[in-house]
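So the chains spell out like this:
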Amino acid sequence: MASQEDVFKKLVSHCKEYGFVFPSSEIYDGLAAVYDYGQNGVELKNNIKKYWWDSMVLLHENVVGIDAAIFMHPTTWKASGHVDAFNDPLIDNKDSKKRYRADVLIEDLIAKYDEKIDKECEKAAKKFGDSFDREMFCATNGRVKEYVEKRDAIHSRFVNAMEANDLAELKQIIVDNEIVCPISGTKNWTDVRQFNLMFSTEMGSTADGAMKVYLRPETAQGIFVNFLNVQKTGRLKVPFGICQIGKAFRNEIVARQFIFRMREFEQMEMQFFVRPGEELKWFEHWKQFRLRWHKALGLGDEKYRFHDHEKLAHYANAATDIEFQMPFGFKEVEGIHSRTDFDLSSHEKYSGKNIKYFDPEINQSYTPYVIETSIGVDRMFLSIMSAAYCEEQLEGGDSRVVLKLPPVLAPIKACVMPLVKKDGLPEKAREILNSLKFDFKCSYDEKDSIGKRYRRQDAIGTPFCITVDHQTIEDNCVTIRYRDTMLQERVEIDKLHSIIADAVNMKNLFKKIVNQ
Ligand code: GAP
């Protein structure tokens, strides 16, 4: 069986080969951690965004959307804390001249100990069968006990150093544990320094000089600074939400795992404004709603889990991640945070403007508390692609690569194919295509054998192939072939629309989310 690492490599090349994701400016050898979406990728991405947007603004009469600019007044980022605290601790290896995140080097070391412990436990579990007690084994087996003690000691030093923002201690952990540079293999490290993740540029050009502006590192602040604009013009009453989809930029140092960690990416965020004191109730509400949104796609309930944060940011009073089982382990796809009144209060302070809300029901003015849901479009894209990618052995020794995408998200819903390029079949096929194209993204393919055409559609996840043959001219029936089962059946042309509509209608997913 192929390792998860191999599967991931294959997925990355599949994304390129079939027009989903290309390295950015590839003819110039690409740009690290920046990617372009191709003809199929953009359809899938747009469908993800529509699924999210409609689940927010159609399903909730108290949630509205905005589209704020990427550039914002620089004081925004002072108020949000990003200028002072949006940092990663970096360390350079003097021999390879490579730069690393010090925290990631240490986390990788801890992960290595975890792997060793897991391996020993797996071996022992096989040996002892049902009577195996992991806790007891870790506490008593000499070698494992030593691993656990070392791991825990590093972990607790690491947590303390991060909490105290102690850069010298981070370096000392690296030195004490003899962590080497993966490129040079040496321990010749610089000191650890803080590095701000925001990209900056200059706006305008005046006699006094240009103004330094930032590319936004999150879309959320565009919502906070527009809180009163939207509330007043929309006559909205707390509780209500504002959502937005847009690009965000971070100068990530450890940029790896394809589109998992990018320097330019897209976020889908919602800030939900509530009365102070009611935030934890709403936090739980949105946590469950967002998990239902993910699960409704049918990628497998077991692939999701919550990861509640133990260490909270100073402004948060609850936070969790929704993690998805990627080929490289469970990873964060979405964050849900109870952000208190930190952002609105801070903008009030820095702008000198009153950003309070008057609540007519209790006759009081206050700064609302906020629940944030924040999901990366690209990470969602990656999670869907990794769950959908499938290599299948078929009867007769044949094999196929199929993307079992949820039909509602598939880039192309149906491909219409004339069996041969003559006898009026192409014309009939185009007639069918023309009748479907107002409602569904469809394609037409008349090249190569039908088998090859099916494979091409399987590889991009098209749920339906519709074949027009000589019989069609006589009985107005076509063969419809289902992607996942490969079953084929004869159906009347008039029924095609409703068969496709039933499978790709987002309403079916929305009903699942709302009715659970
Ligand atoms: N406003 C809150 C916020 O930005 P975050 O946890 O930093 O929180 C939210 O980011 C989501 O954005 C993440 O769960 C992830 O899906 C996505 N994201 C963050 N950094 C990313 C990156 N470098 N590349 C791709 N997606 C990223």
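Structure shown above.
Here the structure is a predicted model, which is why all the values come from computation and not from measurement. (Residues numbered from 1 in each chain as written. Predicted model: local features only at pLDDT ≥ 70, side-chain atom pairs only at ≥ 80, totals over all residues. Heavy atoms only, no water.)

1. Quick notes on the site of the ligand
Consideration 1: Inspection of the region around the ligand gives 19 residues, with Glu-218, Met-262, Glu-269, Glu-332 and Val-333 positioned closest.
Consideration 2: Met-262 places a polar main-chain atom, nitrogen or oxygen, 2.8 Å from a nitrogen atom of the ligand.
Consideration 3: Within the side chain of Glu-269, a nitrogen or oxygen atom sits 2.6 Å from a nitrogen atom of the ligand.
Consideration 4: When residues of the shell around the ligand are traced back to their parent elements, those giving at least two are β10 (264–274), β13 (329–338) and β16 (369–376).
Consideration 5: Here the shell around the ligand gets four residues from one element, more than from any other, and that element is β13.
Consideration 6: Considered class by class, the residues forming the shell around the ligand number five nonpolar, four polar and 10 charged. (Near = heavy atom within 4 Å. Polar contact = N/O pair within 3.5 Å; in protein donor to acceptor, adjacent residues only side chain to side chain. Helix = DSSP H or I, 4+ residues; strand = E, 2+ residues; numbered from the N terminus. Nonpolar A, V, L, I, M, F, W, Y, C, P; charged D, E, K, R; others polar.)

2. Looking at the nonpolar core
Consideration 1: Core analysis: the biggest nonpolar cluster contains 63 residues, and Phe-20, Tyr-51, Trp-52, Leu-297, Phe-381, Leu-382 and Met-385 have the highest contact counts within it.
Consideration 2: Broken down by element, this core gets its largest block of residues, seven residues, from helix α13 (residues 377–388).
Consideration 3: When sequence neighbours within four positions are dropped, the list of residues in contact with Phe-381 reads Phe-20, Val-21, Tyr-37, Gly-41, Leu-44, Lys-45, Ile-48 and Ile-259.
Consideration 4: Formed by 25 residues, the second largest nonpolar core is a distinct cluster that contains Leu-105, Ile-154, Ala-161 and Val-192. (Core = buried A, V, L, I, M, F, W, Y, C linked by side-chain atoms within 4.5 Å. Buried < 20%, exposed > 50% of the residue type's maximum accessible area, 1.4 Å probe, protein only. Contact = heavy atoms within 4.5 Å.)

3. Comments concerning helix α18 (residues 506–515)
Consideration 1: Of all the residues in α18, the buried ones are Met-506, Leu-509, Phe-510 and Ile-513. In a view along the axis of α18, the buried residues occupy a sector of 100°, so they form one face of it.
Consideration 2: Where α18 is buried, its residues contact α2 (39–57), α11 (279–295) and α17 (493–504).
Consideration 3: By the N-cap criterion, in which a side-chain oxygen at the helix start approaches the backbone nitrogen of a residue two or three places on, α18 is capped by Asn-505, the distance to Lys-507 being 3.0 Å. (Arc of directions from axis to C-beta.)

4. Looking at the pattern of salt bridges
Consideration 1: Counted according to the given criterion, the structure contains 43 salt bridges.
Consideration 2: A salt bridge links Glu-334 to Arg-290, with the nearest nitrogen and oxygen atoms 2.7 Å apart. On the criterion of sequence distance, the pair formed by Glu-334 in strand β13 and Arg-290 in helix α11 is long-range, its members being 44 residues apart.
Consideration 3: For Glu-334, a relative accessible area of 0% puts it in the buried group.
Consideration 4: Its relative accessible area of 0% is what places Arg-290 among the buried residues.
Consideration 5: Among the salt bridges present, the one from Lys-356 reaches Glu-348, with a minimum N-O distance of 2.9 Å.
Consideration 6: Given the relative accessible area of 16%, Glu-348 is considered buried.
Consideration 7: Taken together, the shared-partner salt bridges in this structure form one network comprising Glu-392, Asp-398, Arg-400, Lys-404, Arg-455, Asp-458 and Arg-481. (Salt bridge = Lys/Arg side-chain N within 4 Å of Asp/Glu carboxyl O.)

5. Observations concerning the side chain of Ser-374
Consideration 1: Here Ser-374 shows up in strand β16.
Consideration 2: Only 2.5 Å separates the side chain of Ser-374 from the side chain of Glu-269, close enough to count as a polar contact.
Consideration 3: For Ser-374, the residues in contact, after removing those within four places along its chain, are Gln-267, Met-268, Glu-269, Val-333, Glu-334 and Gly-335.

6. Brief notes about the packing of helix α1 (residues 4–17) against α13
Consideration 1: One way to put it is that α1 packs onto α13 with a least axis distance of 11 Å and a crossing angle of 110°. On the basis of the axis angle, α1 is roughly perpendicular to α13. The two elements α1 and α13 meet at a crossing, and its hand is right-handed. Contacts from Phe-8, Leu-11 and Cys-15 in α1 reach Leu-382, Met-385 and Ser-386 in α13.
Consideration 2: Its residues placed into classes, the contact of α1 with α13 shows five nonpolar, one polar and no charged. (Axes fitted to C-alpha atoms, helices over the stretch in contact; angles between N-to-C directions. Parallel < 35°, antiparallel > 145°, perpendicular 65-115°, else oblique. Left-handed = near helix turned anticlockwise from the far one by under 90°.)

7. A look at the sheet that holds strand β5 (residues 99–101)
Consideration 1: Read across the sheet, three strands follow the order β5-β4-β6 without closing on themselves; strand pairing throughout is antiparallel. Edge positions in the sheet fall to β5 and β6 (193–196), since each of these pairs with one other strand and no more. Averaged over all pairs of adjacent strands, the angle between their axes in this sheet comes to 50°, without regard to strand direction.
Consideration 2: In the packing of helix α5 (residues 102–128) onto the sheet, contacts are made with β4 (87–92) and β5, and the angle to β5 comes to roughly 65°. (Pairing = 2+ DSSP bridges.)

8. Remarks on the sheet that holds strand β9 (residues 240–249)
Two strands in a sheet stick together by hydrogen bonds in their backbones, pointing the same way (parallel) or opposite ways (antiparallel).
Consideration 1: Ordered in space as β3-β9-β10-β16-β13-β12-β11, the seven strands form an open sheet in which the pairing is mixed. A single partner strand is all that each edge strand has here, and the edge strands are β3 (63–65) and β11 (304–308). Adjacent strand axes in the sheet meet at a mean angle of 25° when their direction is disregarded.
Consideration 2: Pairing between β10 and β16: eight bridges, direction antiparallel. The partner of Glu-269 across the bridge, within β16, is Ser-374.

9. Things to note about the side chain of Asp-359
Consideration 1: In this fold, Asp-359 is placed in strand β14 (residues 357–359).
Consideration 2: Residue Asp-359 is classed as buried on the basis of its relative accessible area, which comes to 2%.
Consideration 3: With residues near it in sequence (within four places) discarded, Asp-359 still touches Arg-275, Gln-364 and Tyr-366.

10. Things to note about the pairing of strand β12 (residues 318–326)
Consideration 1: Among the nine residues that make up β12, eight are buried, leaving the element largely enclosed by the rest of the structure.
Consideration 2: Taken together, the five bridges between β11 and β12 define a ladder with antiparallel strand orientation. Looking at β12, one finds that His-307 is bridged to Asp-321.
Consideration 3: With nine bridges joining them, β12 and β13 adopt antiparallel strand pairing.

11. Focus on unusual backbone geometry
Consideration 1: A cis geometry characterises the amide bond from Val-238 onward to Pro-239, with omega recorded as 5°.
Consideration 2: Topologically, Pro-239 is positioned in the loop between α10 (227–233) and β9.
Consideration 3: Notably, Glu-178 is not glycine yet its phi reads approximately 55°, a positive angle.
Consideration 4: Considering the arrangement of structural elements, one finds Glu-178 in the loop between α8 (167–176) and β6.

As far as function goes, none of this settles anything; it's purely spatial.
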